[in-house]
Every structure is written in structure tokens, then in C-alpha cells.
Amino acid sequence: MFVFPNKVCMYVKIESAILSNTSLLHEYLPIAGSPKFREGAINLLWGGDKELIARSGGVQALGGTGALRLGLEFLRSRLHYETVYVSKPTWANHIGICKSLLYPNIKEYKYWDDKLRCLDLDNMLQDLNAAPDRSVVLLHACAHNPTGMDPTAEQWHRIAEVVKAKKMFVFFDCAYQGFSSGDVDLDVAAVRLFAKLGFEMFVAQSFSKNFGLYSERVGQLTYLVQSADMLPRLASNFSTIVRQIWSNPPAHGSAIVSAVLNDQVLTNEWKETVKSMAGRIQAMRRLLFDRLVALKTPGTWDHIVKQNGMFSFTGLDANQADYLINTHHIYLMKDGRINMCAITTRNVDYVAECIHDAVVK
Ligand code: PMP
């Protein structure tokens, strides 16, 4: 969790406008969600590209999780996909959702090189190349969770080649748009690249982080197809699935996102806010790295500054993580993932000293 510097005053303005709108009488939204919100989310994803927008549809979902669940349920129950590939490691819920939908084969493609602490592209491509026909591949659009390591533009091209050759169905998880580079357009460059290469795809968009609306459950499943003729059929299938899971999505959070994304001045203000958040995280990465180098902490730490987004995969092992938790009250995941948002100029010295202690003890 983190605090947006400008968010509070921006949201007070928007929320009071929403609440004073007498048309907000807690009625149900349409099953597929608020039309204005859906348009805004699609527009944000494609940066206003009319050709892509014309071939896209969207369903408002309960956060990124709901969007993933909806898309994966469609692929399993309607198109009878049996195999899903997720990165190793990945956000644990990817696997949980696929299990709950009874996908017979949940496979992992290598992603992280533990020794070199970077993307393991060769093994990733090798694993994807070995995929059976009709597989779904889940890709993190940016700010990969948990490693914080994203492919470069050139590496994305190579991934796209393999995914195309294997005719995999592409499902992007886009939970951190803006949090990687600070630029909401740059952060979906991979998604746009795949779109321009002619892929059909699903994209799970979450507005939990980039709008700081965690509890409001605001997300969207955006789908891109070859021919716009397909859109009504997809919309109808998604409506049936939504009806049986959550029936109608919540209104309040999506009204905030919609108010921002459908107003150029507010959108610009929001983009600046996201940029400042991403910049703060990057500054904390640099500080932590500098402190560890100054302390001469054994090992290499440059991965901390090469990674992006909220998380850093530090390379600390489960014993070191336990030690940090129990001895120093620094809380991190057992796989060594830390949340960079929790690091501040006031605690970075303490964090670096404790990491040093855990490594040398
Ligand atoms: N995908 C990834 C990779 C995430 O890290 C998260 C949130 N931790 C989500 C999806 C889900 O986001 P939401 O809270 O919007 O459901």
C-alpha cells in the first residue's frame, strides 16, 4: 500500500461530484458494467488507436482478479482450452484461478534466472516452444510480479515470434500500468506490440494500484479480436458468465475511474500522479542499492535497480527472509520478494543494514 500525493484532493473533487449526482441511486449497473468506464479503459489500453478500439470489447470486472477469472473461465468452458502456461515464478493466484477452473494442465515457463538474477529468456523460449497445440499463455504486461523484471522490447519480439509459431492464445495480465516506467503508454508497449502483430488476445486490466482503488474492485477484461463481427458473440458469452458469478459489477470505483479517463484534464493530472509514484519507487531502489554497495554487502545487488514496479526479487532465501522477519521486523515474502513502496528515505538505512546482517550472519 502507498499514498498518492495528489490522489486525495483529486478524489475528493470527483467523489463529491459523483455523490451529488442524483442519478446515482445505487441501481444495478448493466451486467457488462458502465459503458463509459469500459470505453475509458479500452482507450487507455490502446492509447486511442481507433483500429484496435474498433476490434475490442470490454467487460467491467471485480479488479484484475475478476478479469483473469472471467477470461480464463471463458477459455476453459467455452473454447475448451486445457493447457495454461504461467511464468515461473508468478503471482500465486494465477495458478489458484486455473486450478479452480479445473484446467487439466497448468504448466510453467521459466522466467527468472536465480543465479544471474535476471530474465531467463532462452529457457523461457525453450519452454514455450515445447508447448502443446492449443495452449493459453499468461504474460505480465509490465512490472512482473514477483520478479520486477520485464523483457526488453527486443526480447518481447522474440517471445511474440515463439507464441505466434505455437499458435498460443495470449492473455496479458496488466495489473500495474504506469508503475513500471511511470508512463502509462510505455508500460503497455508489449501489449500494443502483440496487437500490431495481429494477435487476438485478452487483457486483464486492474485499476487497484494505478488508481489506488484497492477496495473498490475496479478492473476490466478487454478482448481484442480479428474481426469486429465477433464482438457481440463474445459480449453475450461474457454476460452469461458474469451473471452467474457476480451478476453486476460495483458502481462507485468505476465511476471514479470513468470520470478521470473521460476528462483530458483529470487524465493528465492522474498520469502525473502515477509518474511521481513510479519515480519515488525508482528513487528508493537506487537508495537501497547504494546503501548495500556502501556496506559492502556480499553478493551483487544491481538487479534491484534493473527491476521495475512495486516489487523487488532480492535474491534473499527463505532462511534470510525468516531472519529479517523475526529479528528485525522487516516483512517480506519467503521467496525474497520485497515491496519497494514500503521503503522510504527514513527507513532505507535500517533496511539495508538488516539485509546486510541477514546476508553475513
Ligand atoms: N495480477 C497481478 C500480477 C497482481 O499482482 C495482482 C494484485 N496483486 C492482480 C493481478 C490483481 O489485482 P486486483 O487487486 O485488481 O484484483
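If you look the protein up in an unreviewed UniProt entry, it shows as aspartate transaminase from Helobdella robusta. The annotation that UniProt attaches to the protein under Subunit (unreviewed entry) is "Homodimer." Under Sequence similarities (unreviewed entry), UniProt gives the following word-for-word description of the protein: "Belongs to the class-I pyridoxal-phosphate-dependent aminotransferase family."

A. Layout of the environment of Gln-282. If you trace the backbone, Gln-282 turns up in helix α11 (residues 264-294). Taking C-alpha positions, Gln-282 is 8.6 Å from Met-340, a pair spaced 58 residues apart along the chain.

B. Quick look at the domain arrangement of the protein. Segmentation of the protein into domains returns domain 1 (7-262) and domain 2 (268-360). Each of domain 1 and domain 2 was reduced to a C-alpha centroid, and the two centroids are 27 Å apart. The interface of domain 1 with domain 2 comprises 24 residues on the first partner and 22 residues on the second. Counted by class, the side of domain 1 that touches domain 2 contains 12 nonpolar, 8 polar and 4 charged residues.

C. Representation of the site of the ligand within the structure. Neighbouring the ligand are the residues Gly-63, Gly-64, Thr-65, Trp-91, His-140, Asn-145, Asp-173, Ala-175, Ser-206, Ser-208 and Gly-219. The element best represented in the shell around the ligand is helix α4 (residues 63-77), accounting for 3 residues. Residues of the shell around the ligand, tallied by class, amount to 2 nonpolar, 8 polar and 1 charged.

D. Here's a closer look at the pairing of strand β8 (residues 201-206). With respect to burial, β8 is a largely interior element, 6 of its 6 residues being buried. Residues of β8 alternate between two faces, with Met-201, Val-203 and Gln-205 on one and Phe-202, Ala-204 and Ser-206 on the opposite face, all of them buried. In terms of strand pairing, strand β7 (residues 169-174) meets β8 through 5 bridges, oriented parallel. Along β8, the bridge assignment pairs Cys-174 with Gln-205. Crossover handedness for the path β7 to helix α8 (residues 189-196) to β8: right-handed. Strand direction decides the pairing type here: β8 and strand β9 (residues 219-224), joined by 6 bridges, are antiparallel. Bridge pairing in β9 places Ala-204 opposite Leu-221.

What counts, and at which threshold
- Residues numbered from 1 in each chain as written.
- Predicted model: local features only at pLDDT ≥ 70, side-chain atom pairs only at ≥ 80, totals over all residues.
- UniProt positions renumbered as here; feature names shortened; annotations may be inferred.
- Helix = DSSP H or I, 4+ residues; strand = E, 2+ residues; numbered from the N terminus.
- Domains from an automatic or database assignment.
- Contact = placed C-beta atoms within 7 Å.
- Nonpolar A, V, L, I, M, F, W, Y, C, P; charged D, E, K, R; others polar.
- Near = placed C-beta within 6 Å.
- Buried ≥ 20, exposed ≤ 12 C-beta atoms within 10 Å, placed from the backbone.
- Pairing = 2+ DSSP bridges.
- Right-handed = clockwise from strand over helix to strand, strands pointing away.

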